[in-house]
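Topology and contacts: notes
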Amino acid sequence: KAGVTQTPRYLIKTRGQQVTLSCSPISGHRSVSWYQQTPGQGLQFLFEYFSETQRNKGNFPGRFSGRQFSNSRSEMNVSTLELGDSALYLCASSIGGRHDTQYFGPGTRLTVL
Amino acid sequence: DQQVKQNSPSLSVQEGRISILNCDYTNSMFDYFLWYKKYPAEGPTFLISISSIKDKNEDGRFTVFLNKSAKHLSLHIVPSQPGDSAVYFCAASGMAGGTSYGKLTFGQGTILTVHP
């Protein structure tokens, strides 16, 4: 089975721009979770989508949004980029139950200049 | 408010010996715990998990122990191999309820170095 894929792998943007990241889950997985990893804050939960609905949300500003398509692929969008948004953005997929293991993609490294 | 803590930023062990990585949590609503390994420029790789109804789970060289009264879990790797050198994260998820789905709360990670 193919693993979780994320595109693009690297991205450089300037302050004020917006960015869209994509995540394709493992086949058969219906849940996609997004995380931000920074040196200072570690791995922090952004939001989770299941069957095209946001089921859970972390403590991030409204500039961070996401969506999920009928094939379970997910995108996250960050508008009005700030320098502090520079991070590794990871998505993880699972079958969708509470204790189902999350499998992570390789991440997208976003640099905001 | 750091609900999952890994107090040792790094650990160095000799090949063949035991590696013990520790994790503490504060939220008594957590009922499922996982360990992930991460190499630079890659996403975390799942290692092993444990439910709060158990106190031990084994998978090959990896064993996770859970002490609910102390709100403490540990990962034992025996024997340690140089290829185990990576950052190890413990993660926790909460009790039943819509808001617990899909959310893992991570510790800050411990860098494990296994010397040949």
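This one's a predicted model, so the numbers in the text were calculated from it and none came from an experiment. Per chain, the residues get numbers from 1 upward, laid out in the order the sequence is written. Lettering for chains starts from A, numbering for ligands starts from 1, and both go in the order in which the items are written. Residues qualify for local features only when their pLDDT is at least 70, as the model is predicted, and side-chain atom pairs are given and counted only at 80 or more; totals for whole chains, interfaces and linings, by contrast, use all residues. Think of the side-chain values as coming from all heavy atoms in the structure, minus any hydrogens and water.

Residue and element names in this part refer to chain A. Spatially, 4 strands are ordered 1-3-8-7 in an open sheet, and the strand pairing comes out antiparallel. Two strands close off the open sheet at either side, each with one partner strand: strand 1 (5-7) and strand 7 (64-68). Ignoring strand direction, the axes of neighbouring strands in this sheet form an average angle of 20°. Any two strands with at least two DSSP-identified bridges between them are counted as paired. Numbering goes from the N terminus for both helices and strands, where a helix is a DSSP run of H or I of at least four residues and a strand is a run of E of at least two. With 5 bridges joining them, strand 7 and strand 8 (residues 74-78) adopt antiparallel strand pairing. Paired with R67 across the two strands is E75, which belongs to strand 8. What counts as an axis is a line fitted to C-alpha atoms, over the stretch in contact for a helix, and the angles between N-to-C directions run from 0 to 180 degrees.

Let us look at the state of the cysteines. Each disulfide consists of one covalent bond between the sulfur atoms belonging to two cysteines. All names here are of chain B. Only a pair of cysteine sulfur atoms within 2.5 Å qualifies as a disulfide here. If you walk through the whole model with that rule in mind, you get 2 disulfides over all chains. Note that C23 is cross-linked by a disulfide to C90, the S-S spacing being 1.9 Å. A torsion of 60° about the S-S bond marks the disulfide between C23 and C90 as right-handed. Of this pair, C23 sits in strand 3 (residues 19-25) while C90 is found in strand 9 (residues 86-93), placing the two residues 67 residues apart along the sequence. With respect to burial, C23 and C90 carry one shared label: buried. Whether a residue is buried, partly exposed or exposed follows from its accessible area with a 1.4 Å probe, protein chains only, as a fraction of its type maximum: under 20%, in between, or over 50%, in that order.

This part is about the nonpolar core. The nonpolar side chains of a soluble globular protein tend to be buried with one another. The biggest cluster of nonpolar side chains holds 23 residues, and the ones touching the most others in it are F33(B), W35(B), L73(B), L75(B) and Y88(B). Those elements that provide at least two residues to this core are strand 3, strand 4 (32-38), strand 5 (45-51), strand 7 (62-67), strand 8 (72-77), strand 9 and strand 11 (110-115) of chain B. The element that contributes the greatest number of residues to this core is strand 9 of chain B, accounting for 4 residues. Beyond its immediate chain neighbours, meaning those up to four positions away, L75(B) contacts S19(B), I20(B), L21(B), W35(B), L47(B), I48(B), F62(B), T63(B) and Y88(B). To qualify as a nonpolar core, a set must consist of buried Ala, Val, Leu, Ile, Met, Phe, Trp, Tyr and Cys residues joined through side-chain atoms within 4.5 Å. With 21 residues, the next largest nonpolar core counts V4(A), L21(A), V32(A) and L46(A) among its residues. By the convention used here, residues are in contact when the closest approach between their heavy atoms is within 4.5 Å.

So, on to the interface of chain A and chain B. Each partner contributes to the interface: chain A provides 24 residues, whereas chain B provides 25 residues. Here the quantity called buried area is the total loss of accessible area, with a 1.4 Å probe, experienced by two parts when brought into contact, counted for both. Carbon and sulfur atoms make up 55% of the area that chain A and chain B hide from each other, which totals about 1900 Å². Among the residues chain A hides against chain B, the three largest losses belong to L43(A), R98(A) and H99(A). Together they make up 34% of the total. The salt bridge criterion pairs a side-chain nitrogen of Lys or Arg with a carboxyl oxygen of Asp or Glu, the two atoms within 4 Å. The tally of links from chain A across to chain B stands at 1 salt bridge. Among the salt bridges present, the one from R98(A) reaches D31(B), with a minimum N-O distance of 2.9 Å. For the purposes of these results, a polar contact is taken to be a pair of N or O atoms within 3.5 Å, where, inside protein, one atom must be able to donate a hydrogen and its partner to accept one; residues adjacent in sequence count only when each atom of the pair is a side-chain atom. On the surface where chain A and chain B come into contact, there are 10 residue pairs in polar contact (both at pLDDT 80 or more). Mapped onto the side of chain A that touches chain B, the elements with two or more residues apiece are strand 4 (31-38), strand 5 (42-50), strand 6 (53-57), strand 9 (87-94) and strand 10 (103-104) of chain A. Polar here means any residue other than Ala, Val, Leu, Ile, Met, Phe, Trp, Tyr, Cys and Pro, which are nonpolar, and Asp, Glu, Lys and Arg, which are charged; Gly is therefore polar. Each residue belonging to the side of chain A that touches chain B can be placed in one class, and the counts come to 8 nonpolar, 12 polar and 4 charged.

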